[in-house]
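Now for the letters of each chain:
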Amino acid sequence: MFAIGLIKEGKKPGDNRVALTPSQCKWLKDNITGCSVKVQSSAHRCFSDEEYRKAGIEVTADVSDCDILMGIKEVPADMLIANRTYLFFSHTKKKQPYNQQLMHALIDKNITLIDYECLEHEDGQRIIGFGFFAGVVGAHNGVMAYGNRTGEFELGRVYKHKDYRELIHTYFGLRLPNIKIAVTGSGRVAHGILEIMNLMGVTEVEPDEYLERKFSYPVYVQLKGHDLYTHKELKTYKREHFHENAEEYRSRFLPYTRSTDILMNGIYWETSYPRLFEKEDINESFTIQTIADITDDMDGSVPINLGDQTIQDPVYGVHRKTFEKTVPYAHDSIDVMAVGNLPNELPRDASRYFGEQLLKYVLPDLLGNGSDIINRATMLQKGKLTAAFSYLEDYARH
């Protein structure tokens, strides 16, 4: 018998997404033998306590009798229940200093931690995440910011719409000017961006056309790994080699900075990776006016990402010469949209999508005989680092 508990989010600022929707909890209870589900009461979820009750799920303040506890964001140390299995995004695999105390607390409380970020197929492809809806919301916000800057069209805010279907209806009749949009990446975030490009009637073109031609209608180009990076000496790109030896590569993005109005950045980035461009590349020929940095790494692939904004206030300006933060839409600035929790603007859709992947690829194995996928994502087993995460030993040590 397994008891699953959906915990309320404790991290500030709050997150309104959930790992499983009411209907998904009901499906789990009805279809997995010996599985029960409880939901910790919360006033801030995108699905109300009452919606869970109507689905036949127990809502309670106390989930300490559950074997497996599931949340979204990091669980504050004082909310952790000892000797339990947890699933959430811990943001510790890169030795993030701001979560080191959380790692210590997880170890001290003898917890088994399965990190969503580490749930991968054998080829390294991530299984679950909110990337698609980050791409959807980020692309909308990027186009919105460009409209606000130029005054050529107006788009409303995503979070003011009930769901994705309602949002799509706002694009009917939208006519964009003949802008050029560069989309970077090929994963879930990029798929979300492309969805919005197509819904808004933006036409895809090939890289050489994009760089060489002027168009009388809005266009976008999708730039994947081989379009963005090349080996400094061999002038080639091999994905696996790049991920292991990124310092041997340079960026190929610079020509696009002279042909682009909006940059939609959806690439994964680590500190060893070359940036798309450098601050010194921002000169008279740099045409990008709006950057939706959906990847959102401060001082990362976009060097003028100066840090997070909020959902309510998602855009700031960066002065083209001093690189200081300014108000958005100023004449001598570039606008940057950088928000770390973009899917929270469409929380019900994002949660539904997330839960579907859990039900397909994770929970049946977790509640059954286990699997390699579960094993590879288990960072801690009863308070001890597993072999795959032994590189965190110094980080985990008190």
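Before reading further, recall that the structure is shown in the block above.
As the structure is a computational prediction, the values presented were derived from the model and not from experiment.

Moving on, we come to the pattern of salt bridges. One pass over the full model with this rule turns up 16 salt bridges. One salt bridge connects Arg-53 with Glu-50, and the closest N-O pair in it is separated by 3.6 Å. In this pair, Arg-53 and Glu-50 are both assigned in helix H2 (residues 49-54), three residues apart and thus about one turn of the helix distant. By relative accessible area, Arg-53 is classed as partly exposed at 43%. The class for Glu-50 is partly exposed, based on a relative accessible area of 40%. The residue Arg-275 makes a salt bridge to Asp-299 at a minimum N-O spacing of 3.3 Å. A residue pair is termed long-range when its members are at least 10 positions apart, and Arg-275 in the loop between strand S12 (262-265) and strand S13 (290-293) and Asp-299 in the loop between S13 and strand S14 (315-319) qualify at 24 residues. What makes Arg-275 partly exposed here is its relative accessible area of 23%. Connected via shared salt-bridge partners are Asp-15, Arg-17 and Lys-73.

Of note, Ser-251 is situated in strand S11 (residues 249-251). In terms of polar contacts, Ser-251 uses its side chain to reach the backbone amide nitrogen of Phe-253, at 3.0 Å. If near-sequence neighbours (up to four positions away) are discounted, Ser-251 is found in contact with Leu-228, Tyr-229, Pro-274, Arg-275 and Leu-276.

Another point: the packing of aromatic side chains. Under the defined criterion, the tally for this structure stands at 22 aromatic pairs. Aromatic pair Phe-89 and Phe-130: ring centres 6.3 Å apart, planes at 50°, arrangement tilted. Of this pair, Phe-89 sits in the loop between strand S5 (85-88) and helix H3 (100-108) while Phe-130 sits in the loop between strand S6 (112-115) and helix H4 (131-150), and the two are 41 residues apart along the sequence. For the pair Phe-89 and Phe-130, a shared accessibility class is recorded, and that class is buried.

So, how was this worked out
Residues numbered from 1 in each chain as written. Predicted model: local features only at pLDDT ≥ 70, side-chain atom pairs only at ≥ 80, totals over all residues. Heavy atoms only, no water. Salt bridge = Lys/Arg side-chain N within 4 Å of Asp/Glu carboxyl O. Helix = DSSP H or I, 4+ residues; strand = E, 2+ residues; numbered from the N terminus. Buried < 20%, exposed > 50% of the residue type's maximum accessible area, 1.4 Å probe, protein only. Polar contact = N/O pair within 3.5 Å; in protein donor to acceptor, adjacent residues only side chain to side chain. Contact = heavy atoms within 4.5 Å. Phe/Tyr/Trp six-rings, centres within 6.5 Å; stacked < 30°, edge-to-face > 60°.

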